[in-house]
Structures are given as C-alpha cells and as structure tokens.
Amino acid sequence: QEQLQESGPGLVKPSETLSLTCAVYGGSINSFYWNWIRQSPGKGLEWIGFVHHSGSTNYNPSLESRVTMSIDKSKNQFSLRLNSVTAADTAVYFCARQPLTYYDVDGYPVRYGFDIWGQGIAVTVSS
Amino acid sequence: IQLTQSPSFLSASVGDRVTITCRASQDISSYSAWYQQKPGTAPKLLIYTASALQTGVPSRFRGSGSGTEFTLTISSLQPEDFATYYCQQLDSYPRTFGQGTKVELK
C-alpha cells in the first residue's frame, strides 16, 4: 500500500522560506502528478500546485510568484518551497498523488482525483 | 473556476438519505471529484470523473451530474459518514475545491 509522508519544520519566521518534503513509500514516483494542497485553520482546501514525474510543474497563480516544486526520483520524494511567508501561510500542508488521465473503452478521458494523501503537516508562521 | 456547495451545513440522522450539491461557475464537463474529511485527517477520495466510485468506497456513496451541476448522494447515512465533504474540479488549472459541507448528527 503506497503511502505519502510530509516532513519539514513546523515553525517558520515571517519573510523566510517554508520548505517541505513528501516521501513516497511503497510505490514509484513515476507516472503520476504530485500535488501540494493546504488548509488554513477552520478553512477549506487550497491547491498549491503539482510537479509531474517528468519535472514539469503547474502552480496556483495566487502563489506562483513564491512557489517552487521539485522532484527527486533517486530518493522517491518531491518538495515544496514557499518563500517570503506571512501569517496568512499558516496552514496544514498536504501532499497528494493524482494518477494520469487514461482513456476508457469508449475513448472517453477519465481523470482521477487525488487518490492518496499524506497525513498533513501543520506549519505556523510566527516570529 | 469557482465551486459553490450547498448546503454548507446539514443535520441528519443515521439511515437518512443525504444529498449535497456542487455548482461550478463554468462548464467542467464530467471532471469533478468528491472527498470526505474527518477532523485531524486528510481528505479521502470518494468519487472521480463525476460518478466513478473510488476503490474501497462503499456503494451507498453515489456521484452524478455534468456541466455545471454535480451531486453527491449518500443513500443511507452511517455513523462513520459524519464528516465534511468537498467537491473539486479537475477540468482546468488551478484546481479548485468547494467550500465544504459539514454533515452533523441531528
């Protein structure tokens, strides 16, 4: 059973860089989209972006100027960097896997949701 | 693309049939998904591509809809189903989620 596990500091100072890693256990990092999502206290879910197994990325425009995602196939893990953080970046950060689109017997594209999630890591931005 | 769920809160009893609606601000074809989230845990995928049941999810969960309106139905609410439910659009970037529907015990 594939599992994801986030790691990183739980406390980051304002204006500094938040760095998180998601390790993939029990499966390959190839052939998937690897996503980061966050959830502010008492709030809903915000998609931050993904890194594809090829290394290509797609970021939420609301965060794009501050986000960098990368993938390390040799370590079976991927990472998130968010710079110039403020209190508004305080949240639980999740990593999640999305399988690639496939085509059913009728040729219809089937898009999976985020089928495996890490347990989440709480990050507080405070001095 | 904005997703609006209704209702935001729902009180129900065990055995009730529950329906949650998600409306998209533009046509997303059938590219929606539904998640269940319990306090302190990550969301769990229930439904993808509007109506496909994720492996291991009980058949009392059913998704339907296309275009701009989608529905998640729980045919007979069980004690373990009290949670918050989110819809998501998978049609375009950035991926977005609805604001959530909290299902509480009446």
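Our subject in this report is the structure included herewith. (Residues numbered from 1 in each chain as written. Chains lettered and ligands numbered in written order. Predicted model: local features only at pLDDT ≥ 70, side-chain atom pairs only at ≥ 80, totals over all residues. Heavy atoms only, no water.)

1. Regarding the overall build of chain A
A tally of regular secondary structure across chain A gives zero helices and 13 strands. Listing each helix as α and each strand as β along chain A from the N terminus yields β-β-β-β-β-β-β-β-β-β-β-β-β. Relative to a compact globule of 127 residues, whose C-alpha radius of gyration would be 14 Å, chain A shows 15 Å and is just as compact. Each principal axis of the C-alpha distribution contributes one length, and for chain A these read about 55 × 30 × 25 Å. Here chain A holds 127 residues, and 49% of them are scored as buried. Intrachain contacts of chain A at a sequence separation of at least 6 include 54% that bridge at least 24 residues. For chain A, the computed accessible surface area is about 6,000 Å², with 47% contributed by carbon and sulfur atoms. Side chains of chain A carry 9 positive and 10 negative charges; the gap between the two charge centres is 8 Å. (Helix = DSSP H or I, 4+ residues; strand = E, 2+ residues; numbered from the N terminus. Rg over C-alpha atoms; globule rule 2.2 N^0.38 Å. Buried < 20%, exposed > 50% of the residue type's maximum accessible area, 1.4 Å probe, protein only. Contact = heavy atoms within 4.5 Å. Areas by Shrake-Rupley, 256 points an atom, 1.4 Å probe, with all protein chains shown as cover. Lys, Arg positive; Asp, Glu negative; His and termini not counted. Charge placed at Lys NZ, Arg CZ, Asp CG, Glu CD.)

2. Re the pairing of strand β11 (residues 101–105) of chain B
All names here are of chain B. With four bridges joining them, strand β2 (residues 9–12) and β11 adopt parallel strand pairing. Bridging from a neighbouring strand, F9 pairs with K102 of β11. Of the pairings in the sheet, the one linking strand β9 (residues 84–89) to β11 comprises two bridges and is antiparallel in character. Looking at β11, one finds that Y85 is bridged to T101. (Pairing = 2+ DSSP bridges.)

3. Quick word on the environment of Y85 of chain B
Residues and elements named next belong to chain B. Tracing the backbone through its elements, the reader meets Y85 in strand β9. A residue is classified by how much of its surface remains accessible, and Y85, at 0% relative accessible area, is buried. For Y85, the side chain forms a polar contact with the side chain of Q36, separated by 2.9 Å. (Polar contact = N/O pair within 3.5 Å; in protein donor to acceptor, adjacent residues only side chain to side chain.)

4. A few points about the side chain of Q5 of chain B
Structurally, Q5 of chain B is set in strand β1 (residues 3–6). At a separation of 2.9 Å, a polar atom in the side chain of Q5 of chain B contacts the main-chain carbonyl oxygen of Y85 of chain B.

5. Side note on the state of the cysteines
One pass over the full model with this rule turns up two disulfides over all chains. The disulfide partner of C22 of chain A is C95 of chain A, and the S-S distance across this bridge is 2.1 Å. On the S-S bond that ties C22 of chain A to C95 of chain A, the torsion sits near 60°, and the link is right-handed. Placement of the pair is C22 of chain A in strand β3 (residues 18–25) and C95 of chain A in strand β9 (residues 91–99), with a sequence separation of 73 residues. For the pair C22 of chain A and C95 of chain A, one class covers both residues: buried. The side chain of C22 of chain B participates in a disulfide bridge whose partner is C87 of chain B; the two sulfur atoms lie 2.1 Å from each other. Residues C22 of chain B and C87 of chain B share a disulfide whose torsion about the S-S bond is about 70°; that sign makes it right-handed. Here C87 of chain B lies in strand β9 and C22 of chain B lies in strand β3 (residues 18–24), a separation of 65 residues in the sequence. Taken as a pair, C22 of chain B and C87 of chain B share a single burial class, namely buried. (Disulfide = S-S within 2.5 Å.)

The values reported here are purely geometric and, on their own, carry no functional implication.
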